[in-house]
Amino acid sequence: MIDVIDLKKSFHGVEVLKGINVTIDKGDIVVVIGPSGSGKSTFLRCLNCMEDPTSGSVIFNGVDIADMRVDINIHRRHMGMVFQHFNLFNNKTVLENIMLAPVYTRTQELNRQRRKNMRQKLYNLFVPEGKKKELAPIETTKAQIKDEAREDALRLLRRIGMEDKADAYPSTLSGGQKQRVAIVRSLAMNPDVILFDEPTSALDPEMVGEVLDLMKALARDGMTMIIVTHEMGFAREVANRILFIDEGVIKESAPPEEFFTHPKNPRLKEFLSKVL
Amino acid sequence: MGDFGVKVDRFLEVFIDKNGYVRVLDGLQNTLLIAITGLLIGIVIGTLIATVRVVPKYKTLPRVLNGICSFYVGLFRGTPMVVQLLVFYYVLLPILEVNMTGVQVSMMVFGLNSGAYISEIMRSGIQSVDPGQLEAGRAVGLSFHTSMIKIVIPQAVKNILPTLGNEFISLIKETSVVSFVGAADLYVAFSYIGSNSYEFMVPYLVMAVIYILMVMLISLLIRLMERRLKKSDRRN
């Protein structure tokens with residue numbers, strides 16, 4: 001589903017990623033680990049072009065989204081992202097946070113269809129019978145879109161047991177609650193893949209569990225996930241592949257058992273001896 | 001001060017019997033009209049400029065726009081309001097052969113001028129919003145300007161509301177120079193009353209009181225607005 005080909009990224013002349021090649025298939029749960037400053041977060045952020053790659057390509061569903069001519073917004077809708085610092089929209093309630101993007105994108109789609117029909121109608125006025133073209137059917141309304149998105153958002157909130165917080169503002173939530181809302185916010189767009197950028201690093205230890213549990217549940221549902229994390233136990237339990245990034249390249253890529261018990265790369269051995 | 005009562009009597013004579021209050025009301029209306037339209041135009045211009053100035057600049061168009069905007073801000077912050085009024089009224093209008101009243105010119109100049117100041121206020125407001133907010137908007141597939149309008153700018157406005165109120169207050173006070181281009185504001189009304197009663201102490205005192213009352217009223221409104229916008233905040 002995602003093919004990363006020779007991905008490079010420099011910041012002000014400093015090369016952070018020095019050519020990453022990796023393929024991620026549907027249903028994969030890939031955990032990315034590595035020492036700090038190794039480029040693992042940059043790698044993740046290049047996948048949805050939060051950082052524009054300096055060179056190389058990211059082929060997502062058959063399109064090279066690293067190409068600057070591609071409308072990245074359309075592809076990002078199929079690629080959720082969860083941040084270390086949650087980044088919930090502070091001026092919106094929990095429910096609005098979840099509904100914002102689905103409602104906005106679907107309404108935009110509806111308006112585009114309406115404008116197209118309008119043009120078609122105008123065109124039909126001037127051409128003879130037989131050359132007239134059918135209008136595209138419009139089955140939905142703005143109110144309907146909103147209602148559906150609300151239902152959807154409430155269903156997602158029920159799933160994480162936070163229905164009662166629907167009208168609360170993010171500033172009143174705990175870190176774990178914020179992160180779970182952030183996860184369902186990206187779920188609301190029905191993404192093909194979700195990118196997690198150190199989702200538990202900013203949490204109190206006792207809240208890490210609730211977020212990891214939600215991520216495990218997603219994994220069981222077959223969601224494709226790419227996770228940058230320091231939670232080794234979680235990586236071992238959930239991942240079906242672990243990447244070790246160091247000095248801007250992937251130094252090792254293996255299933256968790258092999259990765260933790262028989263590491264080949266010397267740098268990885270050293271790293272594991274420190275963190276385990 | 002013994003004849004203060006006499007002075008008040010003379011002021012009241014012109015103010016009420018000779019319809020001075022009509023001029024005062026007209027002046028008040030013009031003052032508020034100029035300040036409020038100026039502020040509204042300023043907010044629109046300021047927001048646009050501020051947005052242009054925070055857009056990432058690796059393409060040509062944003063870079064050119066950014067240059068234009070910094071020139072504009074430099075121009076309007078670098079000259080006094082009176083000079084701008086005079087230049088518009090006595091230089092630009094004759095050259096362009098446009099007919100505008102003093103009040104219209106004042107509204108325009110106040111708008112353009114406060115736009116320059118508000119752009120800087122707005123820029124600091126936008127930059128005070130956590131960059132993660134914009135990132136989160138982009139990550140769910142909203143475009144740069146949609147994330148800006150729906151997420152960043154509302155939060156920025158909340159942060160800068162007190163400063164924006166300051167700007168409005170200083171606009172109200174600065175309207176006292178519009179008589180340079182023949183617009184009849186509060187100052188013009190009261191100096192009319194003064195010269196008709198040969199007595200300036202009371203009219204100017206009343207004028208000062210009216211300015212203070214306006215400013216106090218505005219401060220009150222801003223405080224109420226702030227309280228409403230704070231509902232998403234932790235500090236209540």
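Below you will find a few notes about this structure.

Rules behind the numbers
Residues numbered from 1 in each chain as written. Chains lettered and ligands numbered in written order. Predicted model: local features only at pLDDT ≥ 70, side-chain atom pairs only at ≥ 80, totals over all residues. Heavy atoms only, no water. Helix = DSSP H or I, 4+ residues; strand = E, 2+ residues; numbered from the N terminus. Buried < 20%, exposed > 50% of the residue type's maximum accessible area, 1.4 Å probe, protein only. Contact = heavy atoms within 4.5 Å. Areas by Shrake-Rupley, 256 points an atom, 1.4 Å probe, with all protein chains shown as cover. Lys, Arg positive; Asp, Glu negative; His and termini not counted. Charge placed at Lys NZ, Arg CZ, Asp CG, Glu CD. Pairing = 2+ DSSP bridges. Axes fitted to C-alpha atoms, helices over the stretch in contact; angles between N-to-C directions. Core = buried A, V, L, I, M, F, W, Y, C linked by side-chain atoms within 4.5 Å. 1 Å grid on protein atoms, 1.4 Å probe; cavity = no way out; pocket = protein on both sides within 12 Å on 5 of 7 lines; lining within 4 Å. Points joined across faces, edges and corners; volume = space filled by probe spheres on them. Parallel < 35°, antiparallel > 145°, perpendicular 65-115°, else oblique. Left-handed = near helix turned anticlockwise from the far one by under 90°.

What follows concerns the overall build of chain B. On a plain count of helices and strands, chain B comes out with nine helices and zero strands. Reading chain B from its N terminus to its C terminus gives the helix and strand order α-α-α-α-α-α-α-α-α. In chain B, buried positions account for 45% of the 236 residues. For chain B, restricting intrachain contacts to residue pairs at least 6 apart in sequence, the fraction spanning at least 24 positions comes to 74%. Split by element, the accessible area of chain B, about 12400 Å² in all, is 67% carbon and sulfur. The centroid of the 21 positive side-chain charges in chain B is displaced by 15 Å from the centroid of its 15 negative side-chain charges.

Residue and element names in this part refer to chain A. What the four strands build is an open sheet, ordered β2-β1-β4-β5; its pairing is antiparallel. Only two strands of the sheet have a single partner each, and these edge strands are β2 (14-24) and β5 (63-64). Against the sheet, helix α1 (residues 40-47) contacts β1 (2-11), β2 and β4 (55-60), and its axis sits at roughly 120 degrees relative to β1.

Attention now goes to the nonpolar core. The biggest cluster of nonpolar side chains holds 57 residues, and the ones touching the most others in it are Y72, L85, F110, I126, I172 and F190 of chain B. Listing elements by their share of this core, those giving two or more residues are α1 (4-17), α2 (20-54), α3 (60-77), α4 (81-96), α5 (102-128), α7 (144-174), α8 (186-197) and α9 (201-229) of chain B. Formed by 53 residues, the second largest nonpolar core is a distinct cluster that contains L157, I194, V211 and L272 of chain A.

Here we take up empty space enclosed by the protein. Residues and elements named next belong to chain A. Counting across every chain of the model gives two cavities of 30 Å³ or more. Quantified by volume, the largest cavity comes out at close to 40 Å³. Lining the largest cavity we find I98, M99, P102, R106, A149, D152, A153 and A188. Contributions of two or more residues to the lining of the largest cavity are made by α3 (94-126) and α4 (142-159). If you tally residues by element for the lining of the largest cavity, the top one is α3, at four residues.

Two numbers describe a pair of packed helices, the interaxial angle and the distance between the axes. All names here are of chain B. For the pair α2 and α8, interaxial distance at closest approach is 7 Å and the crossing angle is 160 degrees. The angle between α2 and α8 falls in the class roughly antiparallel. Our pair here, α2 against α8, has a crossing hand that is left-handed. Contacts between α2 and α8 involve G20, R23, V24, G27, L28 and T31 from the first element and L186, A189, F190, Y192 and I193 from the second.

With that settled, consider the environment of D164 of chain A. Residue placement: D164 of chain A occurs in the loop between α4 and α5 (175-187). Each C-alpha atom of the pair D164 of chain A and R112 of chain A lies 35 Å from the other, and the pair is 52 residues apart in sequence.

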